[in-house]
Amino acid sequence: MPKKVIGRIDKADFPLLGLFDIDIKIDTGAYTSSIHCHKVKVEEGGLKCKFYDKGHPLYNGKEIVFKNYSITKVKSSNGIVQERYKVKTTMLLFNKKYKINLTLSTRSDMKYPILIGRRFLNNKFIVDVHLKNLSFDIKDQTIT
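Read on for a plain summary of the structure. (Residues numbered from 1 in each chain as written. Predicted model: local features only at pLDDT ≥ 70, side-chain atom pairs only at ≥ 80, totals over all residues. Heavy atoms only, no water.)

## Looking at the overall build of the chain
In step 1: Tallying secondary structure elements over the chain gives two helices and twelve strands in all.
In step 2: Written out in order from the N terminus, the α and β elements of the chain read β-β-β-β-β-β-β-β-β-β-β-α-β-α.
In step 3: Expressed as a percentage of the 144 residues in the chain, the buried residues total 39%.
In step 4: When contacts within the chain are restricted to residue pairs at least 6 apart in sequence, those whose partners lie at least 24 apart make up 57%.
In step 5: Accessible area of the chain: about 8,700 Å², with a carbon and sulfur share of 51%. (Helix = DSSP H or I, 4+ residues; strand = E, 2+ residues; numbered from the N terminus. Buried < 20%, exposed > 50% of the residue type's maximum accessible area, 1.4 Å probe, protein only. Contact = heavy atoms within 4.5 Å. Areas by Shrake-Rupley, 256 points an atom, 1.4 Å probe, with all protein chains shown as cover.)

Take a look at the structure:
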């Protein structure tokens, strides 16, 4: 199957999380993908978190409960290792649904609430850093 070209930034839908047209940054330096969230806590057999940020108005503030989750170690670009919760969900890009693992992190000081890393990109996409919003532009064309 041929690889799809993706730019350095885009917008994606996460239908199981109720998040649509969310800014994503393609980060070939990151192995794992991550999503910005708040108030992460394990409660009543599930992992609860809220996707809200005043800097990202399309984050809806809805609390999500994940029944299936794990803990993984993530090494940041400065070499610090953190333990993070990891969840599985789906992402819509180029009008196609993909399964994706996301680690939960606080990215409130970052411009993009979601980073897409190499683990997801591998064998699916080629990154052209001169391009942006290729998937979102196709989505707009299919609506009109």
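Next comes the rest of the description.
## What to know about the layout of surface pockets
In step 1: Space inside the largest pocket adds up to approximately 560 Å³.
In step 2: Residue lining of the largest pocket: 22 residues in total, with Val74, Ser76, Ser77, Arg84 and Leu115 positioned closest to the centre.
In step 3: Looking at the lining of the largest pocket, the elements that each hand over two or more residues are strand S8 (69–75), strand S9 (81–93) and strand S10 (96–105).
In step 4: Across the lining of the largest pocket, the residue classes tally to seven nonpolar, nine polar and six charged.
In step 5: Volume-wise, the second largest pocket comes out at about 200 Å³.
In step 6: What lines the second largest pocket is a set of 14 residues, among which Lys99, Ile100, Asn101, Leu102 and Arg119 lie closest to the centre. (1 Å grid on protein atoms, 1.4 Å probe; cavity = no way out; pocket = protein on both sides within 12 Å on 5 of 7 lines; lining within 4 Å. Points joined across faces, edges and corners; volume = space filled by probe spheres on them. Nonpolar A, V, L, I, M, F, W, Y, C, P; charged D, E, K, R; others polar.)

## Focus on the pairing of strand S3 (residues 19–26)
In step 1: Sheet topology places strand S2 (residues 9–14) next to S3; five bridges connect them, and they run antiparallel. When the bridges of S3 are listed, Lys11 appears paired with Asp23.
In step 2: In this structure, the hairpin formed by S2 and S3 is closed by a connection of four residues, where Gly18 is found at a positive phi of approximately 70°.
In step 3: Where S3 and strand S11 (residues 114–116) come together, three bridges link them in parallel fashion. Across the sheet, the residue bridging to Ile26 is Ile116, located in S11. (Pairing = 2+ DSSP bridges.)

## Describing the nonpolar core
In step 1: Formed by 29 residues in total, the largest nonpolar core has its most connected members in Phe14, Ile35, Phe51, Leu93, Ile116 and Phe120.
In step 2: Among the secondary structure elements, those contributing two or more residues to this core are S2, S3, strand S6 (46–50), strand S7 (63–66), S9, S10, S11 and helix H1 (118–121). (Core = buried A, V, L, I, M, F, W, Y, C linked by side-chain atoms within 4.5 Å.)

## A look at a nonpolar patch on the surface
In step 1: Nonpolar side chains collect at one region of the surface, where Val5, Ile126 and Leu131 lie side by side and expose about 220 Å² of accessible area between them.
In step 2: As for its placement among the helices and strands, Leu131 is situated in the loop between strand S12 (125–127) and helix H2 (134–143). (Patch = residues over 30% accessible without salt bridge, like charges linked within 9 Å, V, L, I, M, F, W, Y side chains within 5 Å. Salt bridge = Lys/Arg side-chain N within 4 Å of Asp/Glu carboxyl O.)

## Quick look at the environment of Ile9
In step 1: Mapped onto the elements of the fold, Ile9 is located in strand S2.
In step 2: In this structure, the C-alpha to C-alpha distance between Ile9 and Leu134, residues 125 residues apart in sequence, is 8.6 Å.
In step 3: When near neighbours in sequence (up to four residues on either side) are disregarded, Ile9 contacts Ile24, Lys25, Tyr112, Leu131, Lys132 and Asn133.

## Some thoughts on the sheet that holds S7
In step 1: Across the sheet, three strands lie side by side as S5-S6-S7; this open sheet has antiparallel pairing. Looking at the sheet topology across the chains shown, the edges are occupied by strand S5 (38–43) and S7. For this sheet the average axis-to-axis angle between neighbouring strands, irrespective of direction, equals 20°.
In step 2: Both S5 and S6 contribute to a ladder of four bridges, which runs antiparallel. Counterpart to Val42 in the pairing with S6 is Leu47. (Axes fitted to C-alpha atoms, helices over the stretch in contact; angles between N-to-C directions.)

Scope: geometric values only; no functional claims are made or implied.
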